[in-house]
Every structure is written in structure tokens, then in C-alpha cells.
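# Structural overview
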Amino acid sequence: MELDFERCYRAVDSRDQRFDGWFYTGVTSTGIYCRPSCPAMTPKRQNVRFFPSAAAAQGAGLRACRRCRPDAAPGSPQWDVRADVVGRAVRLIADGVVDRDGVPGLATRLGYTERHLHRMLRAELGAGPLALARAQRAQTARTLIETTGLGMAEIAFAAGFGSVRQFNDTVREVFGTAPSELRVARGGRPVAGGAGTITLRLAYRPPLHAAALLDFLAVRALPGVEEVRDGTYRRGLRLPHGAAEVALTPAAGHVSATLRLADMRDLAPAVARCRRLLDLDADPQAIDETLAADPALAAAVAAEPGIRLPRAVDGFEAALRAVIGQQVSVRSARTTLTRLLTAAPVPQPSVDHEVDGDVEFQNPGPPHDRPGLRGFLRAEEVAGLPDSAFGMPAGRRETVRALARAVASGEIDLDPGGDREEVVRRLTAVPGIGPWTAGYVAMRALGDPDVLLPTDLAVRRGAAALGLPTDPKTLDTHAERWRPWRSYAVIRLWRAA
């Protein structure tokens, strides 16, 4: 990826927070790399290099700045916008696929050879998949060092490192200090909250209209799975290594996240899914500028800047909500989903037991520390439910089962790295799933920022309220000026309705 030196240097000179995560500033005279908004003195031009990723900066022999914490910057918004192989790969790496399945597993998921995938990532990000995953492991390790009382050996394997030695070497290389010194520098006091509990700050680019996010989630909250109370969103998660519960509280400049994990190896995917749910890597100024250029939306954008696209922590959950929500109210769909959850057996937390070298993991937590909110049903569980569990017509029930079977078999990939066009094509091939449902799934499950739902009743009502055309074809033509942010326009139209 080409980085324009002059534009990047101006962003660094003005300490513009909007560019945090877009690129990283390497200072050759000090051997460190920073985020663009670092408060330190602006380095001289001849001492500056710009990198498209933290992994690329680390590959050049630079260590992370201790003052601006470049590892804690929001992610680049382009990886959510882009639907190509590189964008899909970055989303899967953030979800921990390389740590769990290795580079061969990542390449298989994307349908490319390891060599070609490495070549594409190097060209775009200056680093291959292993280096990108290593940078993420280093960030996870730092979070665990500074926020938990775990021993260093436990942290090493929980963060995804293959050995304690590899962990020590990486932390020294990336942060310029030993792991134990990072803990001392932080004060050596883990955050209170019990075994398996971590509290951290999820950064975002302002503005963030937190009330709109919480309103959207509250109306659709499923009892026993999620709730919104006192400005905090809580929900249960089912992660690769076990169950979890998260509490997300929006604050100025960050979202406070308290995670209760059955297995610490799930920290990185839990953080990635929470960021995805709240759309924290978006660039709200770019989005709002495009939408505000339409006089019909200008007043709404000015009144409510920073509207985000609520996404999903589980692609199948979002798809099932879409199918059940076809042609019924949000309240009715919520009732039907609650019935499904009630009919399904409650999953029991499993004990994750591994021995790696001299370190043994057996970390389900005592009973009183286990999550109180359950994660959503898996596709194979829904496919196996009896007819009595579905409070819906037979045709809709069979559509739900067909979707569940397709997701369980891997025929439809609703994970972050799913090919958006291919997913939409396969969804609409399922009897009972039409363009509205497929578009809704692309928008919320896959994070497609450019979906318009012109036939949606609430969208048409919102369009009427704002003086926009309500005929689907005419609205579709008018919405061309909103590209590539039509999904965000849909959220605004829903609010206007």
C-alpha cells in the first residue's frame, strides 16, 4: 500500500487522531514507531518512515512507543470497508485464525496458496500473515501483563506464543523491555474482578453516537443472552476455546470493556468481536461528510454525528435474526428468537485442558465465576431442534433449518473473512431467503458498509420523514450519491422512522 509522505507527515505534525491506525510513524533516530497523534515532538523529515501496519514497523527493527501506545490505536477502517482477499485476511487474523489454525488454515479459508497470500499481504501491509499475527500476540500479551495477575508462562501461552522464550524475545523486541518490567511500569496491580476477568479500553475515532448504538441493541436484546442497562451493554459469547461474558460501556474517547473469559486464549477474538459489534474501527468523519453532502440528510447528520453500523459478534446469529425478522416486527422476531433459546438446552461450560511444556491449562473458573449470560445457539444446534421449538409457519421453519445446515457444513461462510458477494449469492439460493434478508446479513454479519434496503418498510418511512423518495427504485437511484456508505444511511433512515 502506497503512503503519501507529505500527507502522512502533515497528519503527524498536527497530531491528527483521525489517522491513528491508518498508518504508523517510524522514527529512525530513536528506533521507535508511534501513532500519528503521538504527543512527542514532531521528528525531522529525514528521520521519518511511514508504515502501513505495526507488523511492518516491527519488521524494520523498530519498537513500540511507550508514550502513545501505538498497539492500542483503533484499527484501520479500510479493512472493514474492503471486501477483497487482503481485507478478509486481516479480519480473520484479528479473530485469531492464524493462532488457532496456522497460516495453512488461513490460506484454506480464503482459497489461496500460502505463498500467494503472503505476497498479497506483504504488498499491502508490508508484512506477511505470521508477522501480522505476531504483532497481535504482542498486543494481547501486553494487555494480559498489565491487567491480570497471571504468571508470565501462563500469559505466554494464553497470548498464542509457542514457548516462553518466544514470548520473552517478542516482548523485548516489540516493546524494548522485559515482560516483568512492563508489569512493574504499570504498577503491578491487576484489575480487580475475579479469575478470568480483564478490563481494558477499546479506542475509537470520534465522534461516536453511543446512544444510537445502545438503543439499537436494546430493542433487539434477547433475554438470557444480552441486556442493556445503565448505559452498559452486556452479552454472553461463545468463543473458540470456551464461554465468555462481556460488558461494554461507552465513554469519552474509548469504550470500557470488562471481559470474563473461561480461557485467556480467547482474549484477542473477544476484543475483535466487540470492536466489530460496535463498529469501533470506522472513520465517522469520512462517512458523515459523504452523507451530509445530500441536503436531505444534512440536518440529521449535524444533529447526530458519529452514527455507527451495529454489527454482530456471531454471523449465524445475525443471519438467523434476519430470516426470522422477515415481514414481522422487531418485537415479534424477538419473541420467536426467545422461544428458540428457551427450547434449546443450555450449553455447559467445558473445561479446556492442555499441557504445553511445563505449563498446564485448566481454566473454566469456579462455578460462581462462570458467565451469567449465555452465548447464542450454534448452527448445528438450531438445525437439530424439534418442530415444537419454532414458533413460525412451516415454510419459515424449513428456511431456518436450511440456513443452519448450510452454515454448519461450511457451505455459507458468515465469519469475518467471508466473501460478501459469494455469501449473498448462496443465501439467495436458499428457499425463503430473498434480497432483503441477504442484504441485511451482508450489512450486519459481514459488515458491508454499502448496503441499501430500499424495500424495507422502516427505510421507506424514514425516507418519507426526511423528504426523500419512497419508491424503492427511485430511492435506489437517489442513494447512489451515498456510496460507499449506504449501510450507514440505512441506520439513519431507521432512526428517522
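As shown above, the structure is provided for reference.
### Topic: the packing of aromatic side chains
Overall, the coordinates contain 10 aromatic pairs when judged by the stated rule. With 6.3 Å between their ring centres and 50 degrees between their planes, Phe 19 and Phe 23 make a pair best called tilted. The same class applies to Phe 19 as to Phe 23, namely buried. Measuring from ring centre to ring centre gives 5.4 Å for Phe 23 and Phe 50, while their planes differ by 90 degrees; the resulting arrangement is edge-to-face. Linking Phe 23 in the loop between helix H1 (5-13) and strand S1 (24-27) with Phe 50 in strand S3 (residues 48-51), this pair joins segments that are 27 residues apart in sequence. Comparing Phe 23 with Phe 50, the two get one shared label, buried. Put simply, the rings of Phe 5, Tyr 9, Phe 19, Phe 23 and Phe 50 touch in pairs and so form one group of aromatic residues. The ring of Tyr 9 carries Arg 45 above its face, with NZ or CZ at 4.5 Å from the centroid.

### Describing the pattern of salt bridges
One pass over the full model with this rule turns up 39 salt bridges. Across the pair Arg 265 and Asp 263 runs a salt bridge whose closest N-O atoms are separated by 2.9 Å. Both residues of the pair, Arg 265 and Asp 263, count as buried. Put simply, Glu 422 and Arg 426 hold a salt bridge, and the shortest N to O gap is 2.6 Å. One end of the pair is Glu 422 and the other is Arg 426, both in helix H19 (residues 420-428) and 4 residues apart, which spans about a single turn. In this structure Glu 422 comes out as partly exposed when scored by relative accessible area, which is 27%. By relative accessible area, Arg 426 is classed as partly exposed at 30%. Salt bridges linked by common partners bring Asp 450, Asp 476, Glu 480, Arg 483 and Arg 486 together as one network.

### Some details on the pairing of strand S7 (residues 232-239)
Burial of S7 is extensive: 7 of the 8 residues sit out of reach of the surface. Across 4 bridges, strand S6 (residues 226-229) lies against S7 in antiparallel orientation. Along S7, the bridge assignment pairs Val 228 with Tyr 233. In textbook terms, the turn of a hairpin is the stretch between consecutive antiparallel strands, and for S6 and S7 this stretch comprises 2 residues, one of which, Asp 230, has a positive phi near 55 degrees.

### Section: the layout of surface pockets
Here the second largest pocket defines a volume of roughly 850 Å³. Arg 220, Val 328, Val 330, Trp 436 and Asp 456 are, among the 28 residues lining the second largest pocket, the residues nearest its centre. Elements that contribute at least two residues to the lining of the second largest pocket include exactly helix H11 (210-219), helix H15 (315-324), helix H16 (330-343), helix H20 (435-444), helix H21 (457-465) and helix H23 (486-496).

### A look at the nonpolar core
Ranked by internal contacts, the top residues of the largest apolar core, which has 118 residues, are Leu 248 and Trp 482. Here this core takes 7 residues from H15, the largest share from any one element. Here Trp 482 is in contact with Thr 290, Leu 291, Asp 294, Leu 297, Leu 452, Leu 468, Leu 475, Ala 489 and Leu 493, once residues within four sequence places are set aside.

### Some remarks on the side chain of Arg 142
Tracing the chain through its elements places Arg 142 in helix H7 (residues 129-147). Apart from residues lying up to four places away in sequence, Arg 142 is in contact with Arg 69, Asp 71, Phe 175 and Leu 182.

### Side note on the state of the cysteines
One covalent bond between the sulfur atoms of two cysteine residues makes up a disulfide. All told, the structure shown has 0 disulfides when counted by the stated rule. Free cysteine: Cys 8, not disulfide-bonded; nearest cysteine sulfur from Cys 34 at 14 Å. For Cys 65, which is in no disulfide, the shortest distance to another cysteine sulfur is to Cys 68 and amounts to 3.8 Å.

### Some words on the sheet that holds strand S4 (residues 63-64)
Spatial strand order, S3-S1-S2-S4: 4 strands in an open sheet with mixed pairing. At either end of the open sheet lies a strand with only one pairing partner, and these are S3 and S4. Here S1 pairs with S3 via 4 bridges, running antiparallel. Bridge pairing in S3 links Tyr 24 to Phe 51. Contacts from H1 reach S1 and S3, with the element oriented near 100 degrees to S3.

Reading the values: the criteria
The numbering scheme is per chain: residues are counted from 1 as the chain's sequence reads. With the structure being a predicted model, the display of local features is reserved for residues of pLDDT at least 70 and the display and counting of side-chain atom pairs for 80 or more, all residues being used for whole-chain, interface and lining totals. Side-chain metrics rest on all non-hydrogen atoms present in the structure, leaving aside hydrogens and water. Stacked, tilted and edge-to-face pairs are distinguished by plane angle, under 30 degrees for stacked and over 60 for edge-to-face with tilted covering the rest, among Phe, Tyr and Trp rings (Trp via its six-membered ring) whose centres lie within 6.5 Å. Three exposure classes are used, based on accessible area relative to the maximum for each residue type with a 1.4 Å probe and protein chains only: buried under 20%, partly exposed in between, and exposed over 50%. Note on conventions: DSSP H or I runs of at least 4 residues are helices, E runs of at least 2 residues are strands, and numbering of each starts at the N terminus. Note on geometry: a ring has a charge over it if NZ (lysine) or CZ (arginine) is within 6 Å of the ring centre and within 35 degrees of the ring normal. Salt bridges are defined as contacts in which a side-chain nitrogen from Lys or Arg sits within 4 Å of a carboxyl oxygen from Asp or Glu. Here, a strand pair is defined by DSSP locating no fewer than two bridges between the strands. Cavities and pockets were defined on a 1 Å grid built over protein atoms only: a cavity is a set of grid points that admits a 1.4 Å probe from which the probe cannot escape, a pocket is an open set flanked by protein on both sides within 12 Å along at least five of seven lines, and lining residues are those with an atom within 4 Å of any such point. Grid points are joined across faces, edges and corners, and a volume is the space filled by probe spheres set on the points. Put simply, buried Ala, Val, Leu, Ile, Met, Phe, Trp, Tyr and Cys residues joined by side-chain atoms within 4.5 Å make one nonpolar core. Here, residues are in contact when the closest pair of their heavy atoms is within 4.5 Å. The disulfide definition used here is simple: a pair of cysteine sulfur atoms within 2.5 Å. Orientation is described by lines fitted to C-alpha atoms, with helices fitted over the stretch in contact, and by angles between N-to-C directions that extend from 0 to 180 degrees.

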